[in-house]
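Single-letter residue listing:
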Amino acid sequence: MDNAFDIIVVGTSFSSSFFLYNYLNKVGKSVRILVLERGQKNSHLWQLQNRKLSSVVADSTFVNHNQHKIWKFIVGFGGSSRAWWACTPRLMPNDFKLKSTYGVGRDWPISYDELESYYTKVERIMSVSGPSDAPYPRSQPYPQPPHLFNDPDKILKQAYPDLYFQQATARARQATKNRALCCGNGVCGLCPTDVKFTIQNELEYLYSDSRITLRLDAEVLGVETSAGNASGVRYLHEGAEKIARADLVVLGTNAIFNPYLLQRSNLPHPLLGKRLNEQISMWAKIDLIGVDSFQGTTSISANGYMLYDGPHRSEYSACLMEIHNVPNLRAEHGRWQQRTNMKLIFEDLPDEKNYVKVSEADSSKPETIHQGFSAYTMRAIDKLPELLPKALAPLPIENLTISGPSRSESHILGTVVMGDDPKTSIVDKYLVHHQVRNLLVLGGSAFPSCSPSNPTLTISALSLWAAKHL
Ligand SMILES: Cc1cc2nc3c(=O)[nH]c(=O)nc-3n(C[C@H](O)[C@H](O)[C@H](O)COP(=O)(O)OP(=O)(O)OC[C@H]3O[C@@H](n4cnc5c(N)ncnc54)[C@H](O)[C@@H]3O)c2cc1C
């Protein structure tokens, strides 16, 4: 049958591509894989010439009436890898066991140690640049040397040797086969020199594998089931609704569309679509006395962990500092470099009041409902004016201005939560649906807790892990 395959993978971004990376190595030459991608392949040149990342307007694909809380992603081949800033810290070991360590949130069904070798593999595939030391245990050094600190970073590193590090990043420090090195121009969303890792510049070759049939402009509408198993997917292609059959279905469409597709597939669960979350961030502009900045070699030069892990997480959330080396200068003659800018990123505690549902106005789209961040997170933000000056005391500060919060952190998480208990989770620790055992749901939708750290390295490691354990 023309539309019969062994496996169907939906989406072509991090979660699907890293799954395929391990899966293709594991299965035989005769396996038939259908990949369905809703958007098109817009080349890097196309993106530059059209000054946009995709031919599809992401906001038109879902409903959101809350302009205070927006959600950002890219539709098209390679998904949001086109837009990301390629910040790749790992989660901290305690992020996986928030409940048992600090009595809040949820534990993950998987530990840092279990994921460690998968982190290492993703870092190798992405050619991540990172420090020789690190805030979390590592079995191997980063593949690329670190980017250079700016001068305020050097002061903070000296004061906090175990809490301040060059940022781990897939913005190249050294040229790779496909990418030049980062020039720190600060326009990482659409990197003009194509130096950050994207699916298009490093993993597009996967989709040329003879076992894969890639269909673009193919929007999946739902998963087909029969006798408790997934039997295929329904999708729109070339103006017609079609069905493709397979023995295994893998969704990698992000934490807005994964739950929506399950909701439209009549696979209910009390938590499906619930706990939609991401981090929230504030900005600090720090004017310095006699210290110049912006000498680093990439757009974000460092991460500070001074407000991240510790007993305070029983009471208020962890905060990751991201030091932006983009020259947002001081408008003062002779002192224009005497400033450092940082983003303060706070974890949220996922809450069922924030969710994704099938839109009542237009059932062909998901709708996001966000009714606020947790009190746990807001307590941490309220404490920032007191805690930040103390943490930055080693710097010669003239003025410190805090602003925010951001409307989006561009990290969508939590709506198809993973866990050991089918009553309180939808997928198991291998991202297999608890009820439909030949259905995998990849990506940040599985995250049981938020962590202030950027999620995509972990999303990619989980995809390698899921393929390995299949
Ligand atoms: C501006 C920006 C900056 C970011 N910076 C960072 C960063 O520095 N570090 C970090 O860790 N993370 C960052 N992120 C987040 C990161 O991009 C996401 O975590 C990551 O892309 C998630 O990967 P994914 O494969 O799960 O989903 P996505 O990247 O959202 O991809 C989903 C894929 O599914 C396809 N799709 C969706 N619906 C359907 C359907 N119905 N049928 C068929 N195909 C479908 C889409 O076209 C796409 O290919 C950033 C994101 C943005 C937008």
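Structure: above.
Below or above, wherever it landed, is the structure these notes cover. (Residues numbered from 1 in each chain as written. Predicted model: local features only at pLDDT ≥ 70, side-chain atom pairs only at ≥ 80, totals over all residues. Heavy atoms only, no water.)

1. So, the overall build of the protein chain
Point 1. Counting its secondary structure elements, the protein chain contains 9 helices and 16 strands.
Point 2. For 470 residues, the compact-globule formula gives about 23 Å, and the C-alpha radius of gyration of the protein chain, at 22 Å, lands near that figure.
Point 3. Taking the principal axes of its C-alpha atoms as reference, the protein chain extends roughly 70 × 45 × 45 Å.
Point 4. Excluding contacts between residues fewer than 6 apart, the proportion of contacts in the protein chain whose partners are at least 24 apart in sequence is 73%.
Point 5. Roughly 17800 Å² of accessible area belongs to the protein chain as shown, and the carbon and sulfur atoms make up 51% of that amount.
Point 6. Computed over 49 positive and 45 negative side-chain charges, the inter-centroid distance for the protein chain is 3 Å. (Helix = DSSP H or I, 4+ residues; strand = E, 2+ residues; numbered from the N terminus. Rg over C-alpha atoms; globule rule 2.2 N^0.38 Å. Contact = heavy atoms within 4.5 Å. Areas by Shrake-Rupley, 256 points an atom, 1.4 Å probe, with all protein chains shown as cover. Lys, Arg positive; Asp, Glu negative; His and termini not counted. Charge placed at Lys NZ, Arg CZ, Asp CG, Glu CD.)

2. Section: the site of the ligand
Point 1. Near the ligand, the surroundings consist of 32 residues, among which Ser13, Ser15, Glu37, Val220 and Thr456 are the closest.
Point 2. Separating a nitrogen atom of the ligand from a backbone N or O atom of Val220 is a distance of 2.9 Å.
Point 3. In the complex, the protein chains occlude 93% of the 1000 Å² of accessible area that the ligand would expose alone.
Point 4. The set of elements that each furnish at least two residues to the shell around the ligand consists of helix H1 (14-26), strand S5 (219-226), helix H7 (254-263) and helix H9 (456-469).
Point 5. By residue class, the composition of the shell around the ligand is 14 nonpolar, 14 polar and 4 charged. (Near = heavy atom within 4 Å. Polar contact = N/O pair within 3.5 Å; in protein donor to acceptor, adjacent residues only side chain to side chain. Nonpolar A, V, L, I, M, F, W, Y, C, P; charged D, E, K, R; others polar.)

3. Some remarks on unusual backbone geometry
Point 1. Pro405 follows Gly404 through a cis peptide bond whose omega is 5 degrees.
Point 2. Turning to its location among the elements, Pro405 is positioned in the loop between strand S15 (397-403) and strand S16 (439-441).

4. Focus: the sheet that holds strand S8 (residues 248-251)
Point 1. Pairing is parallel in the open sheet, where 5 strands are placed in the order S4-S2-S1-S8-S16. Only two strands of the sheet have a single partner each, and these edge strands are strand S4 (212-215) and S16. Going from strand to strand, the sheet's axes swing by 15 degrees on average, the running direction of each strand aside.
Point 2. Looking at chain direction, strand S1 (residues 7-10) and strand S2 (residues 33-36) are connected through 4 bridges and run parallel. Bridging across to S2, Val9 finds its partner in Val35.
Point 3. H1 contacts S1, S2, S4, S8 and S16 of the sheet and is inclined by roughly 150 degrees relative to S1. (Pairing = 2+ DSSP bridges. Axes fitted to C-alpha atoms, helices over the stretch in contact; angles between N-to-C directions.)

5. Brief notes about the pairing of strand S10 (residues 300-304)
Point 1. Counting buried residues along S10, 5 of its 5 residues qualify, which places the element largely inside the surrounding structure.
Point 2. Here strand S3 (residues 164-166) runs beside S10; their pairing, made up of 3 bridges, is antiparallel. Bridging from a neighbouring strand, Tyr164 pairs with Gly304 of S10.
Point 3. Where S10 lies against strand S11 (residues 319-324), 4 bridges are found, and the strand directions are antiparallel. Counted as the bridge partner of Asn303 is Glu322 from S11. (Buried < 20%, exposed > 50% of the residue type's maximum accessible area, 1.4 Å probe, protein only.)

6. Brief notes about the packing of aromatic side chains
Point 1. With the rule as written, the count across this model stands at 17 aromatic pairs.
Point 2. Pairing Phe77 with Tyr207 gives two aromatic rings, centres 5.0 Å apart and planes at 80 degrees, and the pair type is edge-to-face. Of this pair, Phe77 sits in the loop between helix H2 (44-50) and helix H3 (98-102) while Tyr207 sits in the loop between helix H6 (199-203) and S4, and the two are 130 residues apart along the sequence. When sorted by exposure, Phe77 lands in the same class as Tyr207, which is buried.
Point 3. Aromatic side chains Phe165 and Tyr305 sit 6.0 Å apart centroid to centroid with 75 degrees between the ring planes, which places their arrangement in the edge-to-face category. With Phe165 in strand S3 and Tyr305 in the loop between S10 and S11, this residue pair connects regions lying 140 residues apart in the sequence. (Phe/Tyr/Trp six-rings, centres within 6.5 Å; stacked < 30°, edge-to-face > 60°.)

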